[in-house]
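The residues making up each chain are set out below.
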Amino acid sequence: MPAHRSTNPLQSVEAARPVVLTVFRIVIGLLFACHGAASLFGVLGGVKGGGTVPLGQWPGWWAALIQLVGGALVLLGAGTRVAALLCSGSMAYAYFTVHQEHALLPIQNGGEASVLFCWAFLAIATLGSGPYALDRLLSRRPLTATPEPAAQPTSTV
(Lines give C-alpha, C1' and ligand atoms only; values in the text may rest on other atoms or scores of the structure.)
Protein backbone atom coordinates (compact mmCIF):
# COMPACT_ATOMS: atom_id res chain seq x y z
CA MET A 1 0.00 0.00 0.00
CA PRO A 2 1.54 3.34 -1.04
CA ALA A 3 2.36 5.82 1.65
CA HIS A 4 0.29 9.01 1.49
CA ARG A 5 1.61 12.35 2.49
CA SER A 6 -0.94 14.25 4.43
CA THR A 7 -1.21 17.86 3.42
CA ASN A 8 -3.70 20.35 4.63
CA PRO A 9 -5.52 22.66 2.22
CA LEU A 10 -3.38 25.64 3.19
CA GLN A 11 -0.24 23.77 2.15
CA SER A 12 -1.83 22.93 -1.20
CA VAL A 13 -2.75 26.56 -1.80
CA GLU A 14 0.76 27.69 -0.90
CA ALA A 15 2.25 25.08 -3.24
CA ALA A 16 0.08 26.37 -6.10
CA ARG A 17 1.03 30.03 -5.57
CA PRO A 18 3.93 30.18 -8.09
CA VAL A 19 1.86 28.59 -10.85
CA VAL A 20 -1.19 30.76 -10.16
CA LEU A 21 0.92 33.93 -10.15
CA THR A 22 2.54 32.95 -13.43
CA VAL A 23 -0.78 32.12 -15.13
CA PHE A 24 -2.33 35.36 -13.81
CA ARG A 25 0.60 37.38 -15.21
CA ILE A 26 0.39 35.65 -18.59
CA VAL A 27 -3.38 36.09 -18.95
CA ILE A 28 -3.35 39.76 -17.92
CA GLY A 29 -0.37 40.50 -20.19
CA LEU A 30 -1.98 38.72 -23.15
CA LEU A 31 -5.31 40.53 -22.75
CA PHE A 32 -3.58 43.89 -22.47
CA ALA A 33 -1.36 43.25 -25.48
CA CYS A 34 -4.46 42.28 -27.49
CA HIS A 35 -6.03 45.66 -26.63
CA GLY A 36 -2.93 47.40 -27.94
CA ALA A 37 -2.79 45.31 -31.12
CA ALA A 38 -6.48 45.99 -31.80
CA SER A 39 -5.97 49.74 -31.44
CA LEU A 40 -2.72 49.97 -33.40
CA PHE A 41 -3.34 47.47 -36.19
CA GLY A 42 -7.13 47.07 -36.37
CA VAL A 43 -6.93 43.33 -35.64
CA LEU A 44 -9.23 41.45 -33.26
CA GLY A 45 -12.09 43.80 -34.03
CA GLY A 46 -10.04 46.97 -33.96
CA VAL A 47 -11.25 50.23 -32.51
CA LYS A 48 -14.91 51.09 -32.98
CA GLY A 49 -15.67 48.39 -35.51
CA GLY A 50 -12.30 47.73 -37.12
CA GLY A 51 -10.49 51.06 -37.20
CA THR A 52 -7.16 52.04 -35.75
CA VAL A 53 -5.96 54.92 -33.62
CA PRO A 54 -4.24 57.56 -35.80
CA LEU A 55 -0.44 57.43 -35.59
CA GLY A 56 0.95 59.59 -32.79
CA GLN A 57 -2.46 60.79 -31.56
CA TRP A 58 -2.44 61.80 -27.89
CA PRO A 59 -3.26 59.93 -25.74
CA GLY A 60 -4.87 57.05 -27.69
CA TRP A 61 -1.95 55.96 -29.85
CA TRP A 62 0.52 56.18 -26.96
CA ALA A 63 -1.83 54.26 -24.68
CA ALA A 64 -2.15 51.55 -27.33
CA LEU A 65 1.64 51.38 -27.63
CA ILE A 66 1.95 50.97 -23.85
CA GLN A 67 -0.73 48.28 -24.00
CA LEU A 68 1.01 46.33 -26.75
CA VAL A 69 4.59 46.58 -25.52
CA GLY A 70 3.85 46.59 -21.79
CA GLY A 71 1.40 43.72 -22.14
CA ALA A 72 3.93 41.69 -24.13
CA LEU A 73 6.67 42.32 -21.56
CA VAL A 74 4.39 41.28 -18.69
CA LEU A 75 3.24 38.25 -20.67
CA LEU A 76 6.84 37.13 -21.16
CA GLY A 77 7.94 38.11 -17.69
CA ALA A 78 10.63 40.48 -18.97
CA GLY A 79 11.10 43.68 -16.98
CA THR A 80 7.86 42.69 -15.32
CA ARG A 81 7.73 45.04 -12.35
CA VAL A 82 8.56 48.18 -14.33
CA ALA A 83 6.31 47.24 -17.25
CA ALA A 84 3.42 46.37 -14.91
CA LEU A 85 3.79 49.66 -13.04
CA LEU A 86 3.72 51.61 -16.32
CA CYS A 87 0.65 49.65 -17.46
CA SER A 88 -1.08 50.25 -14.14
CA GLY A 89 -0.39 53.97 -14.34
CA SER A 90 -1.67 54.19 -17.89
CA MET A 91 -4.94 52.58 -16.84
CA ALA A 92 -5.28 54.90 -13.84
CA TYR A 93 -4.75 57.84 -16.22
CA ALA A 94 -7.32 56.43 -18.64
CA TYR A 95 -9.86 55.99 -15.87
CA PHE A 96 -9.51 59.47 -14.42
CA THR A 97 -9.29 61.32 -17.75
CA VAL A 98 -11.75 59.36 -19.90
CA HIS A 99 -14.24 57.58 -17.64
CA GLN A 100 -14.43 59.55 -14.39
CA GLU A 101 -15.96 62.63 -16.03
CA HIS A 102 -19.08 60.65 -17.02
CA ALA A 103 -19.98 59.23 -13.58
CA LEU A 104 -18.42 58.35 -10.24
CA LEU A 105 -18.51 54.55 -10.29
CA PRO A 106 -16.85 52.31 -12.90
CA ILE A 107 -20.10 50.42 -13.52
CA GLN A 108 -21.75 53.74 -14.39
CA ASN A 109 -18.99 55.23 -16.55
CA GLY A 110 -17.79 52.17 -18.50
CA GLY A 111 -14.42 52.10 -16.76
CA GLU A 112 -14.51 48.57 -15.34
CA ALA A 113 -11.77 47.30 -17.67
CA SER A 114 -9.51 50.25 -16.83
CA VAL A 115 -9.96 49.73 -13.10
CA LEU A 116 -9.44 45.96 -13.30
CA PHE A 117 -6.31 46.29 -15.44
CA CYS A 118 -4.98 49.05 -13.17
CA TRP A 119 -5.29 46.95 -10.02
CA ALA A 120 -4.18 43.71 -11.70
CA PHE A 121 -0.98 45.35 -12.96
CA LEU A 122 -0.39 46.97 -9.58
CA ALA A 123 -0.62 43.50 -8.00
CA ILE A 124 1.84 42.11 -10.56
CA ALA A 125 4.23 45.03 -9.98
CA THR A 126 4.06 44.32 -6.25
CA LEU A 127 4.23 40.51 -6.33
CA GLY A 128 6.68 40.20 -9.22
CA SER A 129 6.69 37.85 -12.16
CA GLY A 130 6.75 34.58 -10.29
CA PRO A 131 9.30 31.84 -10.82
CA TYR A 132 8.34 31.05 -14.40
CA ALA A 133 9.37 34.19 -16.25
CA LEU A 134 11.92 35.24 -18.84
CA ASP A 135 13.63 37.46 -16.26
CA ARG A 136 14.27 34.45 -14.03
CA LEU A 137 15.55 32.36 -16.92
CA LEU A 138 17.96 35.06 -18.10
CA SER A 139 19.23 35.90 -14.62
CA ARG A 140 20.30 32.36 -13.79
CA ARG A 141 24.04 32.14 -13.74
CA PRO A 142 25.87 28.90 -14.35
CA LEU A 143 27.06 27.19 -11.21
CA THR A 144 30.74 27.72 -10.64
CA ALA A 145 33.02 25.71 -8.45
CA THR A 146 32.89 26.98 -4.91
CA PRO A 147 36.25 28.13 -3.69
CA GLU A 148 37.56 26.19 -0.76
CA PRO A 149 37.70 28.11 2.51
CA ALA A 150 41.05 29.67 3.28
CA ALA A 151 43.09 27.82 5.81
CA GLN A 152 43.03 29.38 9.25
CA PRO A 153 46.41 30.34 10.58
CA THR A 154 47.48 28.31 13.56
CA SER A 155 49.04 29.81 16.59
CA THR A 156 52.46 28.55 17.61
CA VAL A 157 52.57 29.80 21.14
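This section reports on the structure supplied with the text. (Residues numbered from 1 in each chain as written. Predicted model: local features only at pLDDT ≥ 70, side-chain atom pairs only at ≥ 80, totals over all residues. Heavy atoms only, no water.)

A look at the overall build of the protein chain
Then, number 1: Of the regular secondary structure elements, the protein chain holds six helices and zero strands.
Then, number 2: Along the chain direction, N to C, the helices and strands of the protein chain fall in the order α-α-α-α-α-α.
Then, number 3: In the protein chain, the proportion of contacts linking residues at least 24 apart, taken out of those at least 6 apart, comes to 64%.
Then, number 4: For the protein chain, the exposed area adds up to about 10,900 Å²; of that, 69% sits on carbon and sulfur atoms. (Helix = DSSP H or I, 4+ residues; strand = E, 2+ residues; numbered from the N terminus. Contact = heavy atoms within 4.5 Å. Areas by Shrake-Rupley, 256 points an atom, 1.4 Å probe, with all protein chains shown as cover.)

Examining the packing of aromatic side chains
Ring pairs (aromatic) are described by centroid distance and by the angle formed between their planes.
Then, number 1: Scanning all chains against the criterion turns up six aromatic pairs.
Then, number 2: Ring plane angle 90° and centroid distance 4.7 Å describe the contact between Trp61 and Trp62, whose orientation is recorded as edge-to-face.
Then, number 3: Relative accessible area serves as the criterion here: at 16%, Trp61 is assigned to the buried category.
Then, number 4: One aromatic cluster in this structure is built from Phe32, Phe117 and Phe121. (Phe/Tyr/Trp six-rings, centres within 6.5 Å; stacked < 30°, edge-to-face > 60°. Buried < 20%, exposed > 50% of the residue type's maximum accessible area, 1.4 Å probe, protein only.)

Focus on unusual backbone geometry
Then, number 1: Residues Trp58 and Pro59 are joined by a peptide bond in cis, for which omega reads -10°.
Then, number 2: One can find Pro59 in the loop between helix 1 (9-41) and helix 2 (60-76).
Then, number 3: Positioned with a positive phi, Leu44 is a non-glycine residue whose angle comes to about 55°.
Then, number 4: Locating Leu44 in the fold gives a position in the loop between helix 1 and helix 2.

Quick word on helix 1
Then, number 1: Here helix 1 contains 33 residues, and its C-alpha end-to-end distance of 46 Å stays within 8% of the 48 Å for a straight helix at 1.5 Å per residue.
Then, number 2: Along its length, helix 1 shows its largest kink, about 45°, at Arg17, and proline Pro18 lies within four residues downstream of that point.
Then, number 3: Turning to helix 1, its buried residues are Leu21, Thr22, Arg25, Ile28, Gly29, Phe32, Ala33, Gly36, Ala37, Ala38, Ser39 and Leu40.
Then, number 4: Looking at the buried residues of helix 1, the elements they touch are helix 2, helix 3 (80-99) and helix 5 (112-127).
Then, number 5: Taking the backbone nitrogen of Leu10 as reference, a side-chain oxygen 3.0 Å away marks Asn8 as the first, capping residue of helix 1.
Then, number 6: Count one or two residues on from helix 1 and you reach Gly42, which has phi positive near 75°. (Expected span 1.5 Å × (residues − 1). Bend = angle between axes of the 7 residues up to and from the residue. Polar contact = N/O pair within 3.5 Å; in protein donor to acceptor, adjacent residues only side chain to side chain.)

Thoughts on the packing of helix 1 against helix 2
Then, number 1: Where helix 1 meets helix 2, the axes come as close as 7 Å, and the angle between the chain directions of the two elements is 150°. The orientation of helix 1 with respect to helix 2, classified from their angle, is roughly antiparallel. In this structure, helix 1 meets helix 2 at a crossing whose hand is left-handed. Within the contact between the two elements, helix 1 uses Arg25, Ile26, Gly29, Leu30, Phe32, Ala33, His35, Gly36, Ala37, Ser39, Leu40 and Phe41 and helix 2 uses Trp61, Ala64, Leu65, Ile66, Gln67, Leu68, Gly71, Ala72, Val74, Leu75 and Leu76. (Axes fitted to C-alpha atoms, helices over the stretch in contact; angles between N-to-C directions. Parallel < 35°, antiparallel > 145°, perpendicular 65-115°, else oblique. Left-handed = near helix turned anticlockwise from the far one by under 90°.)

Remarks on the packing of helix 2 against helix 3
Then, number 1: Direction vectors running N to C along helix 2 and helix 3 enclose 145°, while the axes themselves pass 9 Å from each other. In this structure, helix 2 crosses over helix 3, and the sense of that crossing is left-handed. Contacts between helix 2 and helix 3 pair Ile66, Gln67, Gly70, Gly71, Leu73 and Val74 from the former with Thr80, Ala83, Ala84, Leu86, Cys87, Ser90 and Met91 from the latter.
Then, number 2: For the contact of helix 2 with helix 3, the per-class residue count stands at eight nonpolar, five polar and no charged. (Nonpolar A, V, L, I, M, F, W, Y, C, P; charged D, E, K, R; others polar.)

Things to note about the side chain of Ser39
Then, number 1: As for its placement among the helices and strands, Ser39 is situated in helix 1.
Then, number 2: Note on Ser39: relative accessible area 14%, which makes it buried.
Then, number 3: Sequence-distant contacts of Ser39, defined by excluding residues within four places in its chain, comprise Val47, Thr52, Val53, Ala64 and Gln67.

Points about the pattern of salt bridges
Then, number 1: Counted by the stated rule, this structure contains one salt bridge.
Then, number 2: Among the ionic pairs, Glu14 bridges to Arg17, the shortest N-O distance being 2.8 Å. Remark: Arg17 and Glu14 occur in helix 1; sequence separation between them is three residues, near one turn of the helix. (Salt bridge = Lys/Arg side-chain N within 4 Å of Asp/Glu carboxyl O.)

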